[in-house]
Amino acid sequence: MSDGKMKLKLKDWLFNAGLLGFINILETSDGEEKVRKFIDDQNRCLKFSKEELLELLEDFEYKYFDFFIKRYGKTLTYGKILEFEEYIDDFENENRKIEEIEELKRINEKIGFFKEKLKSNSYKAAYDFIKNDGKNEIEKLEKALKKVKEPKKNEEISDSINQDIKNNLKIMKEIINFFKLKISNERGYSKNYLAAKNIAYILINNAWNSVSFLNRGNSAKDIYEEYKSYFVDTAKEYIEMDKSKFKYKCAVTNMPMKDFKNTLGFLNNTGFDVNRKPSHVWNFVNDIAVTPLVILIYSCVPAGFVYGASKGMFVNANHSIEQLESINNGMASEIYNENFNEKNISLYKNLLREMQKRTNESKYELSDIQVVKYENETYRFTLLSKNILQLLNKNKLRLDRLLDKWYILDRRYFYLYDVTISELLNNENLFSLINKLCHYKISKVKGNYNLRNLEDLLLVNLEYIRRLKEMEKAEKEVKNKKVSQELEEKDVYSIRRDGIEFRKAYLGKSGNDKKLGSLLYRLQNSLRIKDVNMFMDTLISGHSYAGRNVHYLFGKIFTDDENFQTLGHAFLIGLLGEDKFEKTGEEKNTTKGDE
């Protein structure tokens, strides 16, 4: 503050997420041009005079919720209720009648959805803020809204049923009109209470909790006023203070600080309550505190993350504010575009697309970038290196085929694309995943993936191992000694094809699927426990029974564990059967061997 200006610089990942969120909120309401003039020449810091910052914080409580509504509106319960208005308007304008039972069922599902959401406690607390006696009005509409009785099998939809449908649609339109009501101030900013309630409990509480409107004691209060009083007003008071006599320094920004009152205890998974847990700090005396302005910035962390499908992601590309904005906001714009489909959200896919785009456009060399993922109420950290990015880009076609593919474990759905990218970013090979998926195929466990997906995973893993070995080889002599033993893609194709032919011969000899199943389990288990001797004993025994020679490439499995796992799983995938598929033109030009 030597030049009289307040500075907010890029710091660690959490503060950077808050700073990006702060910028996003201001740019959404005030426009990019007005905000960008405060970014310094190094593109790593925001600089404001006291008057400039106070002006930006005017009506900030409105701007805060407006940002989330504009980005995530379609995903909210609020948005899903409003989007049904288009169907109702079309129905009324065309004076339609329902003739198909399936359409009637969809309307009944929507009626059930309306009734359930209207009774949620968070909504109930907001109705009277929107309109005098609004709670009673909505309760009456909810009670009047009833599912339409469906006709019996082979019966037509009668006129009386259609009249019931029209009556219900009319009630739903009244509910939608109520939901669209907003309270505006003299400067044109509006309070959208119902959307704000959704945002608070679906998005904002991912990052912080227990204070302001997320304090249970404040749940029935005005959500906008609670945010304003706890975050905005205190930040404004701090900005206007004479700080010349302040003795302490902020732990994050090094700005002058009056006392240690403001801690990070409200942040999920990172802060702690210094009063309840004094043992977390040296000698039971807390020395970590921040200014009210920093507390405001941390409240913006949810606006810096990109959320989708109950997960969140933040890319800490801290080379510059511009890079931080372009990558994270680029991910968001790819997801929440006009063709948005909530079921098809993949944070990793959009991250990789943005990283590739920025790499091509970048004037500087890509360095390792920290990726923070929020999942199951926990932050997970990985590094996206140049080497891994090249690997993922090279195998884009194979990885894209994993989209929408899933398996179930402990009643939870796991999507292959996300699991694969996550393991590679964590520098883990894919053998464990491939083995597990092979086991599910053998056991006929429910899942949506095919044998080609398993082959794709194996080939991606082969490229990952090759790159890893190149990084680990320090001496040229060692590299030359082992290069002849390294596997290529054509070896995987060849062994898988050998597995397919062996399957035909084995079944021809035994005529028994159960006998083949036993062989599959033994091979899969030996790969799982990494027992090469058990695998070879089973393999040789099976080939002897089928009257076939063991493929010469199996001589390479004794070289190292990676060769054993790669060739073993390639054979196992072939032994599981054969998928019929065609290569694209691009694949034919970029891959060796054939299926």
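This section reports on the structure supplied with the text. Predicted model, so just to flag it, every value in this text is computed and none were measured. Numbers given for residues are sequential positions, taken from 1 along each chain in its written order. In view of the model being predicted, local features appear only for residues whose pLDDT reaches at least 70, and side-chain atom pairs are presented and counted only at 80 or more, with totals across whole chains, interfaces and linings using the full set of residues. Side-chain calculation: all heavy atoms of the structure are included, whereas hydrogens and water are not.

1. Describing the overall build of the protein
Each helix and strand counted, the protein has 28 helices and 13 strands in total. Nonlocal contacts in the protein, meaning residues at least 24 apart in sequence, comprise 73% of its contacts between residues at least 6 apart. Using the Shrake-Rupley algorithm and a 1.4 Å probe, accessible areas are obtained, with residue cover drawn only from the displayed protein chains. Split by element, the accessible area of the protein, about 30,200 Å² in all, is 45% carbon and sulfur. To qualify as a helix, a DSSP run of H or I must reach at least 4 residues; to qualify as a strand, a run of E must reach at least 2; elements of each kind are numbered from the N terminus. Two residues form a contact once any of their heavy atoms are found within 4.5 Å.

2. Some remarks on the packing of aromatic side chains
Note on aromatic contacts: the rings of Phe and Tyr and the six-membered ring of Trp form a pair at centre separations within 6.5 Å, being stacked when their planes are under 30 degrees apart, edge-to-face when over 60 apart, and tilted otherwise. Scanning the entire structure with this criterion turns up 48 aromatic pairs. Between Trp13 and Phe305, the aromatic rings sit 6.4 Å apart at their centres with planes inclined by 75°, giving edge-to-face as the arrangement. Taken together, the positions of Trp13 in helix H1 (residues 13–30) and Phe305 in the loop between helix H15 (301–304) and strand S7 (306–308) put the pair 292 residues apart, joining distant regions of the chain. For Trp13, a relative accessible area of 12% gives the class buried. Judged by centre distance (6.2 Å) and plane angle (65°), the rings of Trp208 and Phe266 are edge-to-face. Residue Trp208 is found in the loop between helix H12 (193–202) and helix H13 (223–240), and its partner Phe266 is found in the loop between strand S6 (256–257) and helix H14 (292–299); the two are separated by 58 residues along the sequence. Only protein chains enter the area calculation, which uses a 1.4 Å probe; residues under 20% of their type maximum are buried, those over 50% are exposed, and those in between are partly exposed.

3. Quick look at helix H21 (residues 431–443)
To estimate how far a helix should reach, multiply one less than its number of residues by 1.5 Å. Over its 13 residues, H21 extends 18 Å from the first C-alpha to the last, a length consistent with the 18 Å expected when each residue adds 1.5 Å. Every buried residue belonging to H21 is among Phe431, Leu433, Ile434, Asn435, Leu437, Cys438, Tyr440 and Ile442, and all of these are buried. Directly after H21, the chain includes Lys444, whose backbone phi takes a positive value near 60°.

4. Here's the deal with unusual backbone geometry
A positive phi angle is found at Asp410, which is not glycine, with a value near 50°. The residue Asp410 is located in the loop between strand S11 (406–409) and strand S12 (412–415) in this model. Positive phi outside glycine occurs at Lys444, with the angle close to 60°.

5. Notes on the environment of Lys47
Counting through the fold element by element, Lys47 comes out in strand S2 (residues 45–48). In the structure, Lys47 is positioned 42 residues away from Lys5 in sequence and 6.1 Å away in space, judged by C-alpha atoms.

6. Side note on the sheet that holds strand S9 (residues 369–375)
Two strands qualify as a pair provided DSSP detects at least 2 bridges between them. Strands sit in the order S7-S8-S9-S10 across an open sheet of 4 strands; the sheet is antiparallel. At either margin of the open sheet sits one strand with a lone partner, and together these are S7 and strand S10 (378–384). Mean inter-strand twist for the sheet, computed between neighbouring axes without regard to direction, equals 20°. Sheet topology places S9 next to S10; 7 bridges connect them, and they run antiparallel. Along S10, the bridge assignment pairs Ile369 with Leu384. Note on geometry: axes are lines fitted to C-alpha atoms, helical ones only across the stretch in contact, with angles between N-to-C directions running from 0 to 180 degrees.

7. Quick look at the sheet that holds S12
Read across the open sheet, the 3 strands follow the order S12-S11-S13; overall the sheet is antiparallel. Each edge of the sheet is formed by a strand with only one pairing partner; in this case those strands are S12 and strand S13 (447–448). Pairing of S11 with S12 involves 4 bridges; the strand directions are antiparallel. Residue pairing in the sheet places Leu409 in a bridge with Arg412 of S12. The sheet contacts of helix H20 (residues 416–425) involve S11 and S12, and relative to S12 the element is tilted by about 65°.

8. What about the packing of H1 against H14?
The packing of two helices is summarised by the inter-axis angle and the distance between the axes. For the pair H1 and H14, the least separation of the axes is 7 Å and the interaxial angle reads 80°. Put simply, H1 runs roughly perpendicular to H14. Two secondary-structure elements touch here, H1 through Leu14, Phe15, Gly18, Leu19 and Phe22 and H14 through Val294, Leu296, Ile297 and Tyr298. Here the term charged refers only to Asp, Glu, Lys and Arg, the term nonpolar to Ala, Val, Leu, Ile, Met, Phe, Trp, Tyr, Cys and Pro, and the term polar to all other amino acids, Gly among them. Across the contact of H1 with H14, the residue classes break down as 8 nonpolar, 1 polar and no charged. Angles are sorted into four bins: roughly parallel if under 35 degrees, roughly antiparallel if over 145, roughly perpendicular if 65 to 115, and oblique for all others.

9. Concerning the pattern of salt bridges
Basic side-chain nitrogens of Lys or Arg form a salt bridge, by our definition, when they fall within 4 Å of a carboxyl oxygen of Asp or Glu. For the structure on display, the rule yields 35 salt bridges. Taking the shortest distance from any N to any O, the salt bridge between Lys63 and Asp30 comes out at 3.2 Å. Of this pair, Lys63 sits in helix H4 (residues 60–72) while Asp30 sits in helix H1; the two residues are 33 residues apart in sequence, bridging distant segments of the chain. The residue Glu116 makes a salt bridge to Lys117 at a minimum N-O spacing of 3.8 Å. Given a relative accessible area of 52%, Glu116 falls into the exposed group. Linked by salt bridges that have partners in common, Lys394, Glu463, Arg466, Arg467 and Glu470 make up one network.

10. Side note on the pairing of S9
Among the 7 residues in S9, 6 count as buried, and that is most of the element. In the sheet, strand S8 (residues 311–316) pairs with S9 via 5 bridges, with the strands oriented antiparallel. The partner of Asn316 across the bridge, within S9, is Gln370. As consecutive antiparallel partners, S9 and S10 are separated by 2 residues, and within that stretch Asn376 has a phi angle of approximately 55°, a positive value.

11. Details of the nonpolar core
For this analysis, a nonpolar core means a set of buried residues of the types Ala, Val, Leu, Ile, Met, Phe, Trp, Tyr and Cys, connected via side-chain atoms within 4.5 Å. Counting 181 residues, the largest nonpolar core has Phe22, Phe60, Trp208 and Tyr227 as the members making the most contacts within it. If you tally residues by element for this core, the top one is H1, at 10 residues. Excluding anything up to four places from it in sequence, Phe22 contacts Leu46, Phe48, Leu53, Leu57, Phe60, Leu296, Ile297 and Cys300.

12. Here we look at a negative patch on the surface
On the surface, Glu99, Glu100, Glu102, Glu109, Glu150 and Glu156 cluster together into a patch of negative charge. Along the chain, the position of Glu156 falls in the loop between helix H10 (134–144) and helix H11 (159–179). A patch consists of residues whose relative accessible area exceeds 30% and which take part in no salt bridge; residues with like charges are grouped when within 9 Å of each other, and nonpolar side chains (Val, Leu, Ile, Met, Phe, Trp, Tyr) when within 5 Å. Charge assignment in this entry is limited to Lys and Arg as positive and Asp and Glu as negative, and neither His nor the chain termini are counted. Where a charge sits is defined by one atom per residue type, namely NZ (Lys), CZ (Arg), CG (Asp) or CD (Glu).

13. Describing H10
By the burial criterion, the buried members of H10 are Gly134, Ile138, Leu141 and Glu142. Along the axis of H10, the buried positions cluster into a sector of 100°, meaning they face one direction only. In H10, the exposed positions angled more than 90 degrees off the buried face are occupied by Lys140 and Lys143. This arc is taken over the directions from the axis of the helix to the C-beta atoms.

14. Brief notes about the packing of H4 against H13
Packing of H4 against H13 brings their axes to within 9 Å, and their N-to-C directions diverge by 115°. The two elements H4 and H13 meet at a crossing, and its hand is right-handed. Taken together, the residues of H13 that come into contact with H4 (itself represented by Phe60, Glu61, Tyr62, Tyr64 and Phe65) are Ile223, Tyr224, Tyr227, Lys228 and Val232. Its residues assigned to classes, the contact of H4 with H13 shows 8 nonpolar, no polar and 2 charged. Two helices that cross are described as forming a left-handed crossing if the nearer one is turned anticlockwise from the farther one by less than a right angle, and a right-handed crossing if clockwise.

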